[in-house]
Amino acid sequence: MDPRVQEIFDNREDNCLLPFLWLHGESHEKLVAEIEAIARSGARAFCVESRPHEQFCRDGWWADMDLILAEAERRGMQVWILDDKHFPTGYANGLIKDKYPERRIWHLREEHVDVVGPQAEGAVMLSAPIEGEELLWVYALPRPEYAEVMAPAPVELTGRVRDGYVFWDIPHGVHRIFFIYKTRRGGLMPDYIHMIDRDSVQTLIEAVYEPHHARYKRYFGSTLAGFFSDEPLFGNDFVNWSGATGGFYDRRVGTPGLALPWCDEVLARMSAALGQDARPLLPALWYGIGEPTPAVRVAYMDAVTLLWREHFSFQLGEWCRARGVQYIGHIIEDNHSHARLGWSAGHFFRSLDGQDMAGIDVVLHQIIPGLGRHLHTASGAGGRADARFFNCVLAKLAASHAH
């Protein structure tokens, strides 16, 4: 007989079911009853859902977890822990806001103004300074056509900024002057960790992972199976009006007005990939600048998704594996968002590479039997589901990643 089949007959097969046990601060009698019900179902593991528990990582939480882990150990069950207080993962139980505000998310944003030359000793006024922002670079690019497409001939004007103006002898023709800022603005979750910054991601470990290890070290790798990240995301959104109509799952490079995740390492990696200083080409992240545009955008997406992989996914996964537990979870994949910024992570495989399992999510009427060939309504997914994606692509992503 196949050894795997024999394991099933002997009740020794790997457990593949771990329902979420939502914790609200219930009585311990209620918790024991819930665990017993899970055990009766045949599942031999469960994930404690931390978000509704008001005492997360405080006395009430520890008292409940003491009971849960002891009860699971007595029954030969395993416990997973959802790794944050608020949805989505990245809040770090409030530690960014309370202790490390300097580790908040940085973005890159642009403003621009169109000018006409020739004009000797031209002066263009900058916007009023915004606290916490830094003007990094100023570049002018010619606009040869009616469309908002620039010619790839940037002129740096950063050194010509004085007293709130940029001074320039504007040459003949129409030109767009880009002001590139480093900013905290443009974030859906301003007090969240920065997924592409190692020290910022360490905040989540300090706030959630290490306190559990300090208290429950003896359970690690046996009763305590590991941690679950739920839908971590870049969280960047619009700073300026854009006119984009792709919906909130469609935050991508090349979209005017969109703030973009940023750190100094992004620039270094882009420059290495492009074989030149990337700074003069940064306007291509929002507007076309001719032939270099695709390469600039690919270089940017490569940089931020690889940094996510290294600093977020692998940092958490390696921390877990070093302590004998596993790291699992999923990102938001809805309607192809897994390959975009904003509500997701820009690259399905890189975002999960540090985890021990391939994860996806199917909820809220995303798959409905009989509607596999139709764009249909859904409770989530922005109100409508692309059946081709949810029926034909989503599971394949996980299967491919598992392989």
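Below or above, wherever it landed, is the structure these notes cover. (Residues numbered from 1 in each chain as written. Predicted model: local features only at pLDDT ≥ 70, side-chain atom pairs only at ≥ 80, totals over all residues. Heavy atoms only, no water.)

Points about the overall build of the chain
A count of helices and strands for the chain gives nine helices and 13 strands. In terms of principal-axis extent, the alpha carbons of the chain reach across some 85 × 50 × 35 Å. Relative to its 403 residues, the chain shows a buried fraction of 49%. When the accessible area of the chain is evaluated, it comes to approximately 18,700 Å², of which 52% is carbon and sulfur surface. Between the mean site of the 40 positive side-chain charges and the mean site of the 54 negative ones, the chain shows a separation of 2 Å. (Helix = DSSP H or I, 4+ residues; strand = E, 2+ residues; numbered from the N terminus. Buried < 20%, exposed > 50% of the residue type's maximum accessible area, 1.4 Å probe, protein only. Areas by Shrake-Rupley, 256 points an atom, 1.4 Å probe, with all protein chains shown as cover. Lys, Arg positive; Asp, Glu negative; His and termini not counted. Charge placed at Lys NZ, Arg CZ, Asp CG, Glu CD.)

A few points about unusual backbone geometry
Across the junction of Phe87 and Pro88, the peptide omega takes the value -10 degrees, indicating a cis bond. Within the secondary structure layout, Pro88 lies in the loop between strand E3 (78-82) and helix H4 (95-98). The backbone of Asp163 shows a phi angle near 55 degrees, a positive value even though the residue is not glycine. When you line up the elements, Asp163 lands in the loop between strand E7 (161-162) and strand E8 (165-183). Judged by its relative accessible area of 76%, Asp163 falls in the exposed class. One non-glycine residue, His336, lies in positive phi territory at about 75 degrees. Tracing the backbone through its elements, the reader meets His336 in the loop between strand E11 (326-330) and helix H8 (348-352).

Re the pairing of strand E9 (residues 224-230)
With seven of seven residues buried, E9 lies mostly within the body of the structure. Summarising the sheet, E3 and E9 pair through four bridges and their orientation is parallel. In the strand pairing of E9, Val79 is matched with Leu224. (Pairing = 2+ DSSP bridges.)

Structural notes on the environment of Val363
Here Val363 shows up in the loop between H8 and strand E12 (375-377). Looking at Val363, the relative accessible area reads 33%, which means it is partly exposed. Between the C-alpha atoms of Val363 and Ala378, which are 15 residues apart in sequence, the distance is 9.3 Å.

A few points about the sheet that holds strand E1 (residues 20-22)
Read from one edge of the open sheet, five strands run E1-E2-E3-E9-E11, paired in parallel fashion. Lying at the two open borders of the sheet, with one neighbouring strand each, are E1 and E11. The mean inter-strand angle of the sheet, taken between neighbouring strand axes irrespective of direction, is 30 degrees. Summarising the sheet, E1 and strand E2 (residues 45-49) pair through three bridges and their orientation is parallel. Its bridge partner being in E2, Phe20 is matched across the sheet by Cys47. The sheet contacts of helix H5 (residues 198-216) involve E3, E9 and E11, and relative to E9 the element is tilted by about 165 degrees. (Axes fitted to C-alpha atoms, helices over the stretch in contact; angles between N-to-C directions. Contact = heavy atoms within 4.5 Å.)

What to know about a nonpolar patch on the surface
On the surface, Met1, Val5 and Phe9 cluster together into a nonpolar patch covering about 360 Å² of accessible area. Locating Met1 in the fold gives a position in the segment before helix H1 (3-9). The exposure class of Met1 is exposed, given its relative accessible area of 68%. (Patch = residues over 30% accessible without salt bridge, like charges linked within 9 Å, V, L, I, M, F, W, Y side chains within 5 Å. Salt bridge = Lys/Arg side-chain N within 4 Å of Asp/Glu carboxyl O.)

Things to note about the packing of aromatic side chains
Tallying each qualifying case throughout the model produces 19 aromatic pairs. Taking 6.1 Å as the distance between ring centres and 50 degrees as the angle between the ring planes, the aromatic pair formed by Phe178 and Tyr287 counts as tilted. Placement of Phe178 in strand E8 and of Tyr287 in the loop between helix H6 (264-274) and helix H7 (293-322) is noted, with a sequence separation of 109 residues between them. Overall, Phe178 belongs to the buried group, its relative accessible area being 0%. Taking relative accessible area as the criterion, Tyr287 reaches 8% and is therefore assigned buried. A ring pair is formed by Phe234 and Trp308, whose centres lie 5.0 Å apart and whose planes are at 70 degrees; its orientation type is edge-to-face. With a gap of 74 residues between them, Phe234 in the loop between E9 and strand E10 (260-261) and Trp308 in helix H7 connect regions that are remote in the sequence. (Phe/Tyr/Trp six-rings, centres within 6.5 Å; stacked < 30°, edge-to-face > 60°.)

Quick word on the pattern of salt bridges
One pass over the structure, following the stated rule, counts 26 salt bridges. Two residues, Arg75 and Glu71, come together in a salt bridge whose shortest N-O distance is 2.9 Å. One end of the pair is Arg75 and the other is Glu71, both in helix H3 (residues 59-75) and four residues apart, which spans about a single turn. One salt bridge connects Asp114 with Arg143, and the closest N-O pair in it is separated by 3.2 Å. Residue Asp114 is located in strand E4 (residues 107-125), and its partner Arg143 is located in the loop between strand E5 (134-142) and strand E6 (155-156); the two are separated by 29 residues in the primary sequence. Salt bridges linked by common partners bring Arg109, Glu111, Glu133 and Arg185 together as one network.

With respect to the packing of H6 against H7
Contact geometry of H6 with H7 gives a least axis separation of 9 Å together with a crossing angle of 130 degrees. Taken together, the axes of H6 and H7 lie oblique to each other. Between H6 and H7 the crossing geometry is right-handed. Taking contact as the criterion, the partners of Glu265, Val266, Arg269, Met270, Ala273 and Leu274 in H6 are, on H7, Ala295, Val296, Ala299, Tyr300, Ala303, Val304, Leu306, Leu307, Glu310 and His311. Taken together, the residues that form the contact of H6 with H7 break down as twelve nonpolar, one polar and three charged. (Parallel < 35°, antiparallel > 145°, perpendicular 65-115°, else oblique. Left-handed = near helix turned anticlockwise from the far one by under 90°. Nonpolar A, V, L, I, M, F, W, Y, C, P; charged D, E, K, R; others polar.)

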